[in-house]
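Each chain is listed here by its residues.
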Amino acid sequence: MSDTLDWLCNEIGITRELLRSPRRDKFIVNKRKIAVVFFRLLGKSSPWVGAVMNRDHSSVMIAEKTANDEEKARACELIKRYNKRILGESIDEIKSDHIRSKIKVKVP
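The notes below deal with the structure included here. (Residues numbered from 1 in each chain as written. Predicted model: local features only at pLDDT ≥ 70, side-chain atom pairs only at ≥ 80, totals over all residues. Heavy atoms only, no water.)

Bringing the environment of Val37 into the picture now. Positionally, Val37 belongs in helix α3 (residues 26-41). Using a relative accessible area of 2% as the deciding quantity, one classes Val37 as buried. (Helix = DSSP H or I, 4+ residues; strand = E, 2+ residues; numbered from the N terminus. Buried < 20%, exposed > 50% of the residue type's maximum accessible area, 1.4 Å probe, protein only.)

Take a look at the structure:
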């Protein structure tokens, strides 16, 4: 999963060190929320995401709950790009419906 984290950090424009750091600058917090939603859409558990991001599972749950529509839409876009470029699959309607129901935002 290290490659996925590196790919995600590159896509959202933040270093792995900043993503995992204790800093709470708005820019960094917004990127963390995108990363949390991304990993949760991949089906990873809150404790797993917390371990990857140097956070407690409850912090992951709060980040997921407080992510705004823009952050959720960005995570959806990244999931589509990840599936297409990394896994070699395109997202079909079933996966899009799953994403819509999971994060309650319109998938572009």
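Don't stop here, the text continues.
Let's shift gears to the nonpolar core. Core analysis: the biggest nonpolar cluster contains 25 residues, and Leu8, Leu19, Phe38, Phe39, Met53 and Leu78 have the highest contact counts within it. The set of elements that each furnish at least two residues to this core consists of α1 (2-12), α3, α4 (46-52), α5 (57-66) and α6 (69-85). Per element, the largest residue contribution to this core is 8 residues, and it comes from α3. What Leu8 contacts, discounting residues up to four positions off in sequence, is Ala35, Phe38, Phe39 and Leu78. (Core = buried A, V, L, I, M, F, W, Y, C linked by side-chain atoms within 4.5 Å. Contact = heavy atoms within 4.5 Å.)

Moving on: the pattern of salt bridges. Tallied over the entire structure, the rule returns 6 salt bridges. Between Asp6 and Arg16 there is a salt bridge whose closest N-O contact spans 2.8 Å. Of the two residues, Asp6 is situated in helix α1 and Arg16 in helix α2 (residues 16-20); the sequence distance between them amounts to 10 residues. When the shortest N-O distance is used, the salt bridge between Glu11 and Arg81 registers 2.5 Å. With Glu11 in helix α1 and Arg81 in helix α6, the pair connects residues that are 70 residues apart, well separated along the chain. The exposure class of Arg81 is partly exposed, given its relative accessible area of 22%. Among the charged side chains, a network of salt bridges with common partners joins Glu11, Arg74, Glu77 and Arg81. (Salt bridge = Lys/Arg side-chain N within 4 Å of Asp/Glu carboxyl O.)

Topologically, Glu17 is positioned in helix α2. A sequence separation of 36 residues divides Glu17 from Met53, and the C-alpha atoms of the two residues are 9.4 Å apart.

Geometry only, nothing functional implied.
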